[in-house]
Every structure is written in structure tokens, then in C-alpha cells.
Amino acid sequence: MTLQNGNGHNGNGHNGSGTSNGYKYVGTRPVRPDGVDKVTGRANFGADISLNGMIYGSVVRSPHAHAKIKKINFDKALKLKGVKAVISGKDFPTLKPSDKLPGVAPLSFYDMSRNVIARDKVLYDGHAIAAVAATTQAIADKAAKLIDVEYKILKPVMTAADAMKEKAPLLHDDLFTEGVDPTPKKASNIAKRTELKLGDPEVAMQSADFIVEGDYSTETVHQGYIEPHACAANFAQDGSVSIWASSQGAFMIRAYTARLCGMSTSKIKVIPAEIGGGFGGKTTIYLEPLALMLAKKSGRPVKMTMSRTEVMRATGPTSGGTAHVKIGAKKDGTLVAGTLELKYEAGAFPGSPVALGCMTGFAPYDLKDVACLGWDVVVNRPKAAAYRAPGAPVAAYAVESAMDELAHKLGIDPLTLRRKNSAKEGTKAVYGVEFDRIGNEDCLQAAQKTKHYNTPLGENQGRGVASGFWFNIGGTSSAEVMINEDGTVIVATGSPDIGGSRASMALMAAEVLGVDVSRIKPLVADTESVPYSDLTGGSRVTFATGKAVIDAAEDAIKDMKRRAAKVWKVDFDQVDWENGSAICIENDEIKPMSVADIAQIAGKTGGAISGKANINVTKGAGPGFGTHICDVEVDPETGRVTVLRYTAIQDVGTAIHPSYVEGQLQGGAAQGIGWALNEEYVYSKEGNLLNTGFLDYRVPVASDLPMIDTVLVEVPNAGHPFGVRGVGETPIVPPLGAVANAVSNAIGKRMTSLPMSPAKILQKIDAG
Amino acid sequence: MSKQHVTMTVNGDPVEVLCRADQTLLDCLRDEMGLTGTKEGCSTGDCGACSVTVDGRLVCACLMLGVEAEGRKIETIEGIGESEELHPVQRHFLEEAALQCGICTPGFIVAAKNLLEKNPNPTEEEVRYWLAGNLCRCTGYDKIIKAVLKAAEEMRG
Ligand code: FES
Ligand code: FES
């Protein structure tokens, strides 16, 4: 294990000066290849696309949280000059409930198609009902207002607790609770029950000397990417479609759009734009099928861009939910049992990440007797989308709060308590997996040693710590490494770069090829230029797509060795690869040939040189563990919280580009701090979202935060050639608990509800 | 709605555009002039992605009408540095890895450059407050603040 302290470890190590890990490029911090375009305003994001003859789309959205659509009248809109096409749900094929992909996070195209555009019913404020395309955005927006929709308003149900009641209004009359035996005959808002169990926690709990138990609640929050969803679609005369869009997966857009529009995959080409933040929220589609249909009907390219209000009302959020947690321990701090019950709001369609909450909540701990029960509940809010480690933060918030309480009860340092019980190599998690070598304990140990943890606190100040876990995944990735005539290299993948992954692809290719990283150009290709890749999510890209890049680079090396063997007239196995050159093993008279040398004679030795790899990585994605420390000061007069210090410690495997790894930790921490302190969806009684902009949906700004220190614990992952572990999601898991524990310790009372607004804190203080 | 003829200076060049009376400066820049480096994150003045300077003053281009730019000097991200000769703020953003997705970056660079023109030696707190109108959801601001402080140091010489 090695440690990198994020502080005072800045932007050098450039150009192969070498690193402590023995690599020449991996672990250095070169300027990212796409950087100059991004600091000069040249990079094209979703909304920057412009096409000849382009017209603009606008969406009609429901002003009601729950209603039947009786009639849509387009007459007035169609009379407006400049309007070229209108569409509603009727323009799309009707899918069946059986149109779905199974899995831990199942994907229902039936639901997706009704989320993208409502059919007979609207299920949340902002639900799309119809769309119009016109020659200018202003005309399209005006036309959208002229489309008359007649509703029969129904009673909305806004929280899991209400939706689970016997007499609650039903969102779907064809939804029957999954996961109970026998399947009920009566429709319900409870989409699914998930239960996971190891041992017998009820019996084990009886052997506890101490038990802590509590109820915790959180609200709906949004990913809050700064770039609103945007796309453009063009329908060619031959019936083929091009879609330009910013998303976490061009192939994802192609597949989902094809399904929803009843088209063949080969008819749709998706060209990825730069993506201005996703955090999981751009792993699904909203506008693309609408733009496609409007383009088809109008015969013109159509561009669609959401406003911030539309983003808040109709995309993203992640589930609010409640948790009941119970942990039992011996006097010496040994945990004997844990139980967790989670109720998550899925939004208008099933599929909250509650099962993932159940799987992750207790993962940092070695518990032989543990049970987690999860309820997936539909409510009249936008359908939840993935958000960074989906499901895990809320579960961790409850468990980590309980652990803090337990540490107090036992009089044990909270990190020592966690270390004593930390999951390690060989620990079996509640979801059945046995961990390999993991960095959980290493992080706790590193946390205890930080200067931060040993800094004394002042009056009204409190410190909180929390741990977190995320699985990380592999999946299908492809890569092509092309050697240009001058020996420079192109690395093409199908994985959108959402936070600097081009830089890590270039570094890994440089390391394998032995070519300077500045001579490598990584790019994100469209769906017709590289083979299929899964979307960017699950912290999989540096791991799995990185592996594809490594394999493709090795394939290219093989090709180059073949060329050298041909020139030297020796057997292939007489050629080796060292420091970016082919060398002849037995004969050192023969001058090695560099990539540039071989590239120059490519034509004479068999044509262009490239390597490729198409892989599906099903094993070896090393799980990620992290520990965060947060110090706050609470103003007892106003309840206002100031974050004084924050440190994120995480096992990151091998950090390919440490600056971007630190950035993941810092960004995840900041999002978690926002979740803990400010962010929440506020609805009216009628179910209308009241805070649809950044003014009152308040994400952290620069003046809200201190520097966020990082400690990169590097326990290389044996499942990857360079030891890579996914890093992007774990950092949002601990902050909710860390901040809540800090605030609770500052005021001497346990905070059990997020966000911890000044009003809530004052109320707690005043409760005596 | 009829369009109005507006004359302004954009990044040092004289520009004439026709814009609707209700069109924002942001839409004029992006849609009428093709200057898409200035981004829209909210259109309500809350995110700073559309930061530009107007006669040296930092403004949200989404809160100003195109017609109000008549006779003014506008500077956008496209006017700050070129790849061969980046502005120190841009260079330090790259070196410090102060961007992840990059959508907020043009706004931050315009705002930070404007700060350093007014205050060449800002404290960390001053940088944080000056940039409090610019949202970044990716970085947690840490590396952005460091980049600005380093650029300031370099520019002071
Ligand atoms: S787009 Fe102008 S401040 Fe957000
Ligand atoms: S880098 Fe993505 S919003 Fe700032």
C-alpha cells in the first residue's frame, strides 16, 4: 500500500519523470488532452450543436402531479406561423410491460417510454405530454403554450409513507408488489420488496451489551449537473437518423431510442458531444426520442435543450427515503448484529436504488448476522435516475450515524470502533460476495493519522467521521489503438469522458506502448466508429475501458513486432518490445525500431497498423472503500453550519492520473455536503415542485466550502493490469454521515433528518 | 417580433447583429454570433456559466438583453488566450486539473480573470466570495481556488 497526500502534491510529474510506483507514465499528472479546448471555450457540449436548416423543439409539461389526460388539442399551435411539427404519445409505438432488461437495477422500456412522453396519465409535475418544433425557439415555446390539454385531476401521493398506506391513491393499476410470495392480486404503490440476510441477526442481537437504534430521513435531491440535457436529431431521406447528444453513453442513447421509437439499431447513429456533468443522471434518455420524432415529422433537423426548470422538474433526482437502523455490540465494541430497513421513493415509475442501499449499508463492517429489508415505492415525483453510488449514501447515512452513537455510548474513538469491526479480505458481505484484498482498514488507519483528525476543536465545533463503500463494476468496453504514419497514436473508445478519462486512457496507452503521453490522442468515438461499449457509469471506465485500451495497445505492439520481424527477417518470437521499440532478442547488432520507425514503413510491411480489443469484464472490479472526516461549527443563535475542515480518504487502487482521482474525491464530498446541509426538493400540497432553480435548490458554492483535503490510499486491484479500482462513486457515500455526525457532536444531540437546515438544527437545540 | 440592429465590440472586433428585443445577450452570442463558449446553465443568473465582461464589468449574459449591448465592449471566453498563448488563469486551470466536465470552466475563467484585474493579490476567502456566483458541480472548488491563487501569484511576478 502507498499513500499520496493530496496536499502539496501538485501538477508536476509531467512527461515521464517517473513515479514512485515504478511506472513511467501511470501516476503522473500531465495536462489533459482535451484541456485546451475546454479552457478556451472551443469544446462542443450538447447545446452547442448547430445544423443546416435546423429548427427547435419545445416540450409541453404537465402542471399537475397526478392526472388523467382527457384530450390534447393542437389546433391553435398548428396555426402559428413557423410551427413545423407536433407530437404526442400517440406518435410512438406502444410497448408492453414485458419490454425490459432484467438485472439488479432492471430497466423497463415500457416505463421509460411512458416517462419520456405520457400516454393516458401524467404522474408528476413536469411530465412531458407533447412537443412541438418550430423555426425559432421563441415560436416553439409560444406554440407549446398554445397546446390545450384537458385533464382529470387526481389526488397526488408524495411520500413513501403515504404511498404505502392501504387507501393511498394508486399511480399504476397494473403494478403488483414484486418480491412477496405469493404475488398480490391487488395493485399497489409498492413496486418491490428486497430482503438480504446473513446468519440470524435477531438471535445474535440478544447477545449484545449495547444496542443503538434509530430512524433517519432524507429528501429527494438532484444530481445538479450544470449542463442541462440537450440534443439534436436529423432524419435523412433514406430513413437513417443521426443524433448529437451529451450523455454518459452514445450506445445507450442508440439502444434506448431505437427501442422507444420502434427502429432498428443500424438506422441510428449517435455522435457524442462533450458532457457537462452527469453523475448518473445522463444514463437515460428524455429528449432524444422526441427530437427524433419531430425531425421525422418535420423533415428538418431538430434541436432540443432543456431549461434548468425542466431539468429539475422532469429529470434526475435520486430517491428520498427513510431508514430504520439497529446495531448491537459487545462492551468491547465488537459488533454482533445489524439490521436496516429502507423505504425509498422511486418517483413515478418503479426502480429506486433501494436494493443497492441494502447491499451497501453495512458493507464496511464484518458482520456475521445482518439483515437488510428494502421497499421500492412509487410516488408522484419524477422518476429517480442514477446518482453517483445510487442508493448507498442514504443507507450509509443511517448506519454511520448509528455507529457514531455507538462509539459515544461505548466511549470508544469512532475510527477505532470502525477499525475493530472493519470488513477485510475474506469478509462476506450481506449480498453474498467475499471481499478480496480491500483498503477499508487502511483508510481508517490513514484517517487516524491525518493532521486533520488530530487538530483540537473549539467551542460549538464538532467532528464527524463516516465510512462508505461502492462495488465498482466492469462491463463491456471496446478500444482501438491506431498508429499514425508519424508514430503518433490515436486511442479510440466508446466511453464518454465525464471527468478526465481521456487523460487516463492516454496514460495507460503510453505506459504499455512506451510512447510519450503527449504523442497519444485519445478520443471518444461515435456509435459507428467503434464497437459497442456500455455507458460511462458504475465507476467502470478507467477500470474496464482502460483494460480494453491496454489490450488494444498490446495488440498493436504485436502487429509492430510482426513488422519488425519481417524487416529483420527473423522469427516473430525473436522480437521483443522494450521502451517503445521493437528489439531483436538474440542479435544486438540489429538496431531497435521505434514506433515511429515502424510506422514509417507500415506500407511496405503490410499496410496500416492498429490494435483492437472488445472485452466484457465480468470479474475483478475491485470494490472501493473510503472514510471521510468533517469538522463543522454550528452557530447556536442561527443554526447555521460552517464546514471548517474536510478530508476524504479512499482506497483508489492505482491512481492513473492522481489529480483527477483527487478531483473525484473532492467533487463527491462537495455533493454529499450539499445533500447533508442544503439540498432538497420542496413540493406544494398539490404536488408542484416549488424550487426549480439554483436560487432555491441550493448546491454548495465556493464560499460554502473549505479546501477538501484528500489522502489517496493505493491498494492495487489485482483484477487490473495497473491495479486500477473505480474511484468516482465511493466519495459521495460517506459525507452524509460524516457531516451529520459532526453537526450532532457540535450541538450534543443527534440529527436524524436531512438536509440539516438552520431551522431544523435550531429546533433540535431548542428541544432541550 | 421584429429584430433590432445592434453594434458592439466583441473580443476586440466590431460586430453588427440583428437581435430580437427580448433576446438575451447570451442567446445573441451563442445563436446569432456562433460564440458558444459562453454556456447556459440556468438562464436566471444563478450559475455563472454565462459570465462575460461588459465594459470590463463582470455580468451574467443571461440577465442582459442583446440590445443593451449597443456600443459596449464585450469580452467572452473566446477572447481570452489562444492555445499557443493561454492566459495564466487558463494555464493554471489546466495544470491544477481545475476542470472535470468543463461546462463551468469558461465562466470561471472569465470571472477569475476579472477578479485578478481588480485585485491582483486576493486572499483565498476573497477568491471564494468572488467566485460564489459560479457553480461547479464536479470539482468541489478546491482545485479551482488553487488555480486562481497560483495564476495571481504568477501574474504579480
Ligand atoms: S446561465 Fe446565466 S447565470 Fe446561469
Ligand atoms: S467541471 Fe463540471 S461543473 Fe465544473
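Residues numbered from 1 in each chain as written. Chains lettered and ligands numbered in written order. Predicted model: local features only at pLDDT ≥ 70, side-chain atom pairs only at ≥ 80, totals over all residues. Heavy atoms only, no water.

Draft legend 1. Fine view of the overall build of chain A. Tallying secondary structure elements over chain A gives 19 helices and 29 strands in all. Its C-alpha radius of gyration of 27 Å places chain A within 12% of the 27 Å reference for a compact globule of 768 residues. A sequence separation of at least 24 residues applies to 78% of the contacts in chain A between residues at least 6 apart. Put simply, chain A shows about 27800 Å² of open surface, and 50% of that area lies on carbon and sulfur atoms. For chain A, the centre of its 83 positive side-chain charges and the centre of its 82 negative side-chain charges are spaced 7 Å apart. (Helix = DSSP H or I, 4+ residues; strand = E, 2+ residues; numbered from the N terminus. Rg over C-alpha atoms; globule rule 2.2 N^0.38 Å. Contact = heavy atoms within 4.5 Å. Areas by Shrake-Rupley, 256 points an atom, 1.4 Å probe, with all protein chains shown as cover. Lys, Arg positive; Asp, Glu negative; His and termini not counted. Charge placed at Lys NZ, Arg CZ, Asp CG, Glu CD.)

Draft legend 2. A look at the overall build of chain B. Helix and strand counts for chain B come out as five helices and five strands. In chain B, the order of α-helices and β-strands from amino to carboxyl end is β-β-α-β-β-β-α-α-α-α. By the compact-globule yardstick of 15 Å for 157 residues, chain B fits well, its C-alpha radius of gyration being 15 Å. C-alpha extents for chain B along the principal axes are approximately 45 × 30 × 25 Å. Partitioning the intrachain contacts of chain B with sequence separation of at least 6 by distance along the chain shows that 56% fall at a separation of at least 24. A total of about 6100 Å² of accessible surface is found on chain B, and carbon and sulfur atoms cover 47% of it. Positive and negative charge centroids in chain B, built from 16 and 25 side chains respectively, lie 4 Å apart.

Draft legend 3. Geometry of the domain arrangement of chain B. All names here are of chain B. When cut into domains, chain B gives domain 1 (3-79) and domain 2 (88-156). Of the roughly 1000 Å² buried where domain 1 meets domain 2, counting both sides, 59% is carbon and sulfur surface. Taken together, the connections running from domain 1 to domain 2 amount to one salt bridge. Linking domain 1 with domain 2 are seven residue pairs in polar contact (both at pLDDT 80 or more). Of the residues forming the side of domain 1 that touches domain 2, the biggest block, three residues, is contributed by strand β3 (residues 51-54). (Domains from an automatic or database assignment. Buried area = accessible area lost by both parts, 1.4 Å probe. Salt bridge = Lys/Arg side-chain N within 4 Å of Asp/Glu carboxyl O. Polar contact = N/O pair within 3.5 Å; in protein donor to acceptor, adjacent residues only side chain to side chain.)

Draft legend 4. Up close: the packing of helix α3 (residues 105-118) of chain B against helix α5 (residues 142-156) of chain B. Residue and element names in this part refer to chain B. Across the interface, α3 lies against α5 with an axial gap of 11 Å and an inter-helix angle of 40°. The orientation of α3 with respect to α5, classified from their angle, is oblique. Seen from above, α3 lies across α5 with right-handed handedness. From α3, Phe108, Ala112 and Leu116 reach across to α5, where they touch Ile144, Val148, Ala151, Ala152 and Met155. Split into classes, the residues belonging to the contact of α3 with α5 amount to eight nonpolar, no polar and no charged. (Axes fitted to C-alpha atoms, helices over the stretch in contact; angles between N-to-C directions. Parallel < 35°, antiparallel > 145°, perpendicular 65-115°, else oblique. Left-handed = near helix turned anticlockwise from the far one by under 90°. Nonpolar A, V, L, I, M, F, W, Y, C, P; charged D, E, K, R; others polar.)

Draft legend 5. Examining the pattern of salt bridges more closely. Residues and elements named next belong to chain A. Applying the stated criterion across every chain yields a total of 43 salt bridges over all chains. Arginine 725 is the partner of aspartate 651 in a salt bridge, and the nearest nitrogen-oxygen pair spans 3.0 Å. You can see aspartate 651 sitting in strand β28 (residues 641-651) and its partner arginine 725 sitting in the loop between β29 (708-714) and α18 (735-747), a full 74 residues away along the chain. Both residues of the pair, aspartate 651 and arginine 725, count as buried. With its nearest N and O atoms 2.9 Å apart, the salt bridge here joins arginine 698 to aspartate 704. (Buried < 20%, exposed > 50% of the residue type's maximum accessible area, 1.4 Å probe, protein only.)

Draft legend 6. Inspection of the interface of chain A and chain B at higher detail. Taken together, the contact between chain A and chain B spans 54 residues of the former and 47 residues of the latter. When chain A packs against chain B, the two sides together hide about 4200 Å² of surface, and 58% of this comes from carbon and sulfur. When the buried area of chain A at its contact with chain B is split by residue, A:Val39, A:Ile226 and A:Met707 rank highest and sum to 18% of it. At the junction of chain A and chain B, the tally comes to four salt bridges. A:Glu679 serves as the salt-bridge partner of B:Arg137, at 2.8 Å between the closest nitrogen and oxygen. For the interface between chain A and chain B, the tally reads 19 residue pairs in polar contact (both at pLDDT 80 or more). The element contributing the most residues to the side of chain A that touches chain B is helix α17 (residues 658-677) of chain A, with nine residues. Tallied by class, the residues present in the side of chain A that touches chain B amount to 26 nonpolar, 20 polar and eight charged.

Draft legend 7. How the structure looks around the packing of aromatic side chains. All names here are of chain A. All chains considered together, the criterion is met by 15 aromatic pairs over all chains. Between the aromatic rings of tyrosine 387 and tryptophan 675, the centroid separation amounts to 5.5 Å while the plane-to-plane angle is 10°, which identifies the pairing as stacked. Residue tyrosine 387 is located in the loop between β18 (370-378) and α11 (392-410), and its partner tryptophan 675 is located in helix α17; the two are separated by 288 residues in the primary sequence. Relative accessible area serves as the criterion here: at 1%, tyrosine 387 is assigned to the buried category. What makes tryptophan 675 buried here is its relative accessible area of 3%. Here a set of aromatic residues connected by ring pairs shows up, and it is made of Tyr431, Phe435, Phe469, Trp470, Phe471 and Phe625. Here the basic side chain of arginine 114 rests over the ring of tyrosine 110, its NZ or CZ set 3.7 Å away from the ring centre. (Phe/Tyr/Trp six-rings, centres within 6.5 Å; stacked < 30°, edge-to-face > 60°. Lys NZ or Arg CZ within 6 Å of the ring centre and 35° of its normal.)

Draft legend 8. Focus on the domain arrangement of chain A. Residue and element names in this part refer to chain A. On domain assignment, one finds that chain A holds domain 1 (47-154 + 229-305), domain 2 (321-472 + 622-766) and domain 3 (474-617). One C-alpha centre belongs to domain 2, the other to domain 3; they are set 39 Å apart. Listed as interface residues are 16 residues of domain 2 and, on the opposing side, 15 residues of domain 3. With both chains or domains summed, domain 2 and domain 3 bury close to 1200 Å², and 70% of this area falls on carbon and sulfur atoms. When the buried surface of domain 2 facing domain 3 is broken down by residue, Ile656, His720 and Phe722 rank first, second and third, together holding 38% of it. Summed over the shared surface of domain 2 and domain 3, the number is zero salt bridges. On the surface where domain 2 and domain 3 come into contact, there are four residue pairs in polar contact (both at pLDDT 80 or more). Here the residues of the side of domain 2 that touches domain 3 are counted per class, giving seven nonpolar, eight polar and one charged.

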